[in-house]
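# Geometric and topological summary
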Amino acid sequence: MLYADLLTYIPLKEKEASDRVLSLYIMLGYRAIGIVGIDRVSNIGGLSIIPRVVVSDIDLFRPSRKVLVAFKPRSKEHARRAGKAKGVSTILFDRDNIDICDDEQIEVMRRSSTSLEVVISPLLDSNSMPRFLNRMEKCIKRAIREGVDVIIASGAREVEEIWAPGSIRSLCGLISIDHWNIIYSWVEVIRRWNPGLKL
């Protein structure tokens, strides 16, 4: 099985901490992780490490071949503009902006090579979980219906926030009968972004 967690913020500056995080991902069966704060693709023990950057300012948003860019829109207008971008990137939704993921946004993304990326860390917060789960489910179902690639990412900032692949698979199964497309769509996104990368 090919599993990925394409957006994490866990710092890997200290070797001991880095080894611990990477070993955990390998033990859990992940094939790829995306980490904010690194600047090049690498492979450690069969785990592909993808450099990520998250941009919130629409004027700074540019898809890149060096890092996989996620744009986190602050408004519907910015989400629409980013959805029309040429080049492979993702539009990132989390607890702060999940409400702007609507039919019009998904339609804009469908016409480009932009993918939907949803950070599931709000599901770990009992106060925001019910509302976020409802909004997330609607957003993902819209994307699936329109053929937009969906990436589910932990958004982990600490090791305790890493999700096991089975938990993500169960979550995707609750959202859609076609949950295998959600689980594996990251592969197509990475292949479009970096066609030569071996997964």
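Residues numbered from 1 in each chain as written. Predicted model: local features only at pLDDT ≥ 70, side-chain atom pairs only at ≥ 80, totals over all residues. Heavy atoms only, no water.

### Some remarks on the nonpolar core
Soluble globular proteins tend to bury their nonpolar side chains together. One finds Phe-61, Leu-116, Ile-120, Met-136, Ile-140 and Ile-152 to be the most contacted residues of the largest nonpolar core, which totals 48 residues. Looking at this core element by element, the count peaks at five residues for helix H4 (residues 129-146). Beyond its immediate sequence surroundings of up to four residues, Leu-116 is in contact with Ile-91, Phe-93, Cys-101, Met-109, Cys-139, Ile-140, Ala-143, Val-148, Asp-149, Val-150 and Ile-151. Core analysis: the second largest hydrophobic core is formed by twelve residues, Leu-6, Ala-32, Ile-151 and Val-187 among them. (Core = buried A, V, L, I, M, F, W, Y, C linked by side-chain atoms within 4.5 Å. Buried < 20%, exposed > 50% of the residue type's maximum accessible area, 1.4 Å probe, protein only. Helix = DSSP H or I, 4+ residues; strand = E, 2+ residues; numbered from the N terminus. Contact = heavy atoms within 4.5 Å.)

### Details of the state of the cysteines
Applying the stated rule across the entire model yields one disulfide. Bridging Cys-101 to Cys-139, the disulfide has an S-S length of 2.0 Å. On the S-S bond that ties Cys-101 to Cys-139, the torsion sits near 75 degrees, and the link is right-handed. Of this pair, Cys-101 sits in the loop between strand E6 (90-93) and helix H3 (103-110) while Cys-139 sits in helix H4, and the two are 38 residues apart along the sequence. The exposure classification of Cys-101 matches that of Cys-139, with both residues buried. No disulfide involves Cys-172; its sulfur sits 13 Å from the nearest other cysteine sulfur, which is in Cys-139. Classification of Cys-172 as buried rests on a relative accessible area of 0%. (Disulfide = S-S within 2.5 Å.)

### Focus: helix H1 (residues 15-28)
In a regular helix each residue adds 1.5 Å, so 14 residues correspond to 20 Å; H1 covers 20 Å between its end C-alpha atoms and thus fits that length. Those residues of H1 that sit buried are Ser-18, Val-21, Leu-22 and Tyr-25. What you see down the axis of H1 is that its buried residues fit within an arc of 90 degrees, all on one side. Away from its buried face, by an angle of more than 90 degrees, H1 presents the exposed residues Glu-16, Arg-20 and Met-27. Buried residues belonging to H1 abut strand E1 (3-8), strand E2 (30-36), strand E3 (42-44) and strand E4 (47-55). (Expected span 1.5 Å × (residues − 1). Arc of directions from axis to C-beta.)

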